[in-house]
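# Chain and residue survey
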Amino acid sequence: MTIALITGASAGFGAAIAERFLAQGAHVIACARRTRSIEVLAAGHPGRVLPLALDVTDRAAVHEALGKLPEPFAAVDVLVNNAGLALGLAPAHQAELEDWDRMIATNCSGLVHVTRSILPGMVARGRGTVINIGSVAGEFPYSGGNVYGATKAFVHQFTQNLNADLLGTGVRATCVEPGLVGGTEFSTVRFAGDQKRADAVYRGTTPLSADDIAETVHWVATRPAHVTINVVQMMPNCQSFAGMAIKRGS
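The paragraphs below set out a description of the structure included in this document. (Residues numbered from 1 in each chain as written. Predicted model: local features only at pLDDT ≥ 70, side-chain atom pairs only at ≥ 80, totals over all residues. Heavy atoms only, no water.)

Moving on, we come to the overall build of the chain. If you tally the helices and strands in the chain, you get 8 helices and 7 strands. On C-alpha atoms alone, the chain measures out to a radius of gyration of 18 Å, which is about the 18 Å that the 2.2 N^0.38 rule sets for 250 residues. Overall, the chain is about 70 × 40 × 35 Å in size when its C-alpha atoms are taken along their principal axes. Among the 250 residues that make up the chain, the fraction classed as buried is 45%. By sequence separation, contacts in the chain at least 24 residues apart represent 69% of the contacts at least 6 residues apart. (Helix = DSSP H or I, 4+ residues; strand = E, 2+ residues; numbered from the N terminus. Rg over C-alpha atoms; globule rule 2.2 N^0.38 Å. Buried < 20%, exposed > 50% of the residue type's maximum accessible area, 1.4 Å probe, protein only. Contact = heavy atoms within 4.5 Å.)

Right, here's the structure in full:
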């Protein structure tokens, strides 16, 4: 029986990933700040879902909650660090420092807190898969992506450094890096609830979906034990790379 712990499980990627693992017979620890949807998930799968109220930015709370997971959820096989967000699209000289701090706290510090709590048990058992949700923004810069892109670059490099540390332990790590994904709260959160502006991001496109990400995460987690997938980078085929920006004089 596979035990999967998923952060940010209340909506979007996290909710889809939880449903995917449940559909394949796994038990799921569904972690989120907002508990209503994970409690509904637990009610729909009696005995197979542990709903856990968790703010990944609170290091003490993470240590307390994940340090005493009950049976049959204690031996985590798959950790999906999905909790994360983007805030704003202003250029660096106009961006809100509060937004930068929150992105760093959630996307970087929160991911590290959860990983450090779960990893020792995986190493002790000689098995486990850590899947970190990154972004193509971690490699390809764009105007207004400043700190968000930097946090995802951290996620990418942290994942690879985990694999360096975990050599020979039976534990592996993967960074899944999506491009344009629709049907989630991502842009609504980024634009502080401005749904019209959020909808414009996806107008006229066929973006990836949360289910596409969930399928990819599950595929990574179910590779044979001798296989490590370092990075999965994925985009819809309505999206590709941009050229270099050039400021020309008059």
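Okay, the side chain of His-113 next. Here His-113 lies in helix H4 (residues 97-125). Judged by its relative accessible area of 17%, His-113 is buried. Setting aside residues up to four positions removed in sequence, His-113 forms contacts with Val-56, Thr-57, Asp-58, Arg-59 and Val-62.

Grouped together as the largest cluster of nonpolar side chains are 33 residues, with contacts concentrated most on Ile-17, Phe-21, Val-80, Ile-131 and Val-217. Mapped by element, the contributors of at least two residues to this core are strand S1 (3-6), helix H1 (12-23), strand S2 (27-32), helix H2 (36-44), strand S4 (78-81), strand S5 (128-133), helix H8 (210-221) and strand S7 (231-234). The contact partners of Ile-17, leaving out residues within four places of it in the chain, are Ile-6, Val-80, Ala-214 and Val-217. Residues Val-76, Ala-83, Val-114 and Leu-162 belong to the second largest nonpolar core, which totals 29 residues. (Core = buried A, V, L, I, M, F, W, Y, C linked by side-chain atoms within 4.5 Å.)

Attention shifts here to the sheet that holds S5. As summarised here, the arrangement of the 7 strands in space is S3-S2-S1-S4-S5-S6-S7, forming an open sheet in which the pairing is parallel. Every other strand in the sheet has two partners, leaving strand S3 (49-53) and S7 as the edge strands with one partner each. In this sheet, adjacent strand axes meet at a mean angle of 15 degrees when their direction is disregarded. In this structure, strand S6 (residues 171-178) lies alongside S7, joined through 4 bridges in parallel fashion. The partner of Cys-175 across the bridge, within S7, is Val-231. (Pairing = 2+ DSSP bridges. Axes fitted to C-alpha atoms, helices over the stretch in contact; angles between N-to-C directions.)

A word on the layout of surface pockets. Volume-wise, the second largest pocket comes out at about 280 Å³. What lines the second largest pocket is a set of 17 residues, and nearest its centre among them are Thr-2, Asp-77, Val-78, Thr-129 and Ala-221. Elements supplying a minimum of two residues to the lining of the second largest pocket: S5 and H8. The class makeup of the residues in the lining of the second largest pocket is 5 nonpolar, 8 polar and 4 charged. (1 Å grid on protein atoms, 1.4 Å probe; cavity = no way out; pocket = protein on both sides within 12 Å on 5 of 7 lines; lining within 4 Å. Points joined across faces, edges and corners; volume = space filled by probe spheres on them. Nonpolar A, V, L, I, M, F, W, Y, C, P; charged D, E, K, R; others polar.)

It is worth spelling out the packing of H4 against helix H5 (residues 146-165) at this point. Where H4 contacts H5, the two axes come as close as 8 Å, and the packing angle between them is 15 degrees. With respect to H5, the element H4 is oriented roughly parallel. The hand of the H4/H5 crossing is right-handed. Residues Trp-100, Met-103, Ile-104, Asn-107, Cys-108, Leu-111, Val-112, Thr-115 and Leu-119 of H4 form the contact with H5, whose participating residues are Asn-146, Val-147, Tyr-148, Thr-151, Lys-152, Phe-154, Val-155, Phe-158 and Leu-162. A class-by-class count of the residues in the contact of H4 with H5 yields 13 nonpolar, 4 polar and 1 charged. (Parallel < 35°, antiparallel > 145°, perpendicular 65-115°, else oblique. Left-handed = near helix turned anticlockwise from the far one by under 90°.)

On inspection of all chains with the given rule, the structure shows 3 salt bridges. A salt bridge links Glu-64 to Lys-68, with the shortest nitrogen-to-oxygen separation between them at 2.9 Å. Among the salt bridges present, the one from Arg-127 reaches Asp-77, with a minimum N-O distance of 2.9 Å. Note that Arg-127 is positioned in the loop between H4 and S5 and Asp-77 in the loop between helix H3 (59-66) and S4, a separation of 50 residues in sequence. Owing to a relative accessible area of 12%, Asp-77 belongs among the buried residues under this scheme. (Salt bridge = Lys/Arg side-chain N within 4 Å of Asp/Glu carboxyl O.)

That's the geometry; what it means functionally is another story.
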